[in-house]
Amino acid sequence: GEPQVRWDAMTLFGTGLLLSRPQLDAFFARLHAPLAAAGVDGVKVDVQSGLASLGGGVGGGPSLAARYVGALEASVATTFGPHLIHCMCHSTENLYRYTHGSLLRASDDFYPSRPA
């Protein structure tokens, strides 16, 4: 197999999933509150397309994506208003769920140590 998979955190330790909307709402509130308190006025959420691959045994990828996207977008709307960038998010399960956010993007273009 792939050599890097031997050191991948999900391979080594598995994943933990929150499945109920109250759990997800509490998770995102705890995640976003300190950012807002520090003056952050928006968020870019990366690697969203991988979420659907974790849906086996918990209702499937579309169901899991709907739960996570709904809770994420509700939290961002409450905490940051419209300032949400969905990044690396172009799986069909996600695209059909988005109702809030400023932008959808795929990127491999941020290299702060390289001159423009």
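All chains use their own residue numbering, which begins from 1 and follows the written sequence. Where local features are concerned, this predicted model is filtered to residues with pLDDT of at least 70; where side-chain atom pairs are given and counted, the filter is 80 or more; whole-chain, interface and lining totals use all residues. With hydrogens and water set aside, each side-chain value is computed from the structure's full complement of heavy atoms.

1. Side note on the confidence of the model for the chain
Averaged over the chain, the pLDDT score is 83; the fraction of residues at 70 or greater is 78%. Taken element by element, the predicted model of the chain shows its lowest mean pLDDT in helix 1 (residues 9–13) (65) and its highest in helix 2 (residues 21–37) (96). By definition, pLDDT measures how confident the predictor is in each residue, and it falls between 0 and 100. For helices the rule is a DSSP run of H or I covering at least 4 residues; for strands it is a run of E covering at least 2, with both sets numbered from the N terminus onward.

2. A short note on the side chain of Glu73
Mapping Glu73 onto the fold places it in helix 3 (residues 61–80). Accessible area is worked out with a 1.4 Å probe on protein chains only. A residue is then buried under 20% of its type maximum, exposed over 50%, and partly exposed in between. Counted as positive: Lys and Arg. Counted as negative: Asp and Glu. His and the chain ends are not counted at all. When a carboxyl oxygen of Asp or Glu is within 4 Å of a side-chain nitrogen of Lys or Arg, the pair counts as a salt bridge. Although Glu73 lies buried, it forms no salt bridge, and the closest oppositely charged side chain, Arg21, sits 8.5 Å away as judged by the N-O distance. Leave out the neighbours within four places in its chain, and Glu73 touches Leu84, His86, Arg97, Tyr98, Thr99 and His100. Contacts are assigned to residue pairs with any non-hydrogen atoms lying within 4.5 Å of each other.

3. Section: the packing of aromatic side chains
Side-chain rings of Phe, Tyr and Trp (the six-membered ring for Trp) are treated as a pair once their centres are within 6.5 Å; stacked means planes under 30 degrees apart, edge-to-face means over 60, and tilted covers the remaining angles. Per the counting criterion, the structure on display carries 1 aromatic pair. Ring centres of Phe27 and Phe28 lie 5.0 Å apart, and the angle between their planes is 70°; this geometry places the pair in the edge-to-face category. Phe27 gets classed as partly exposed once you look at its relative accessible area, which sits at 33%. Residue classification places Phe28 among the buried residues on the basis of a relative accessible area of 9%.

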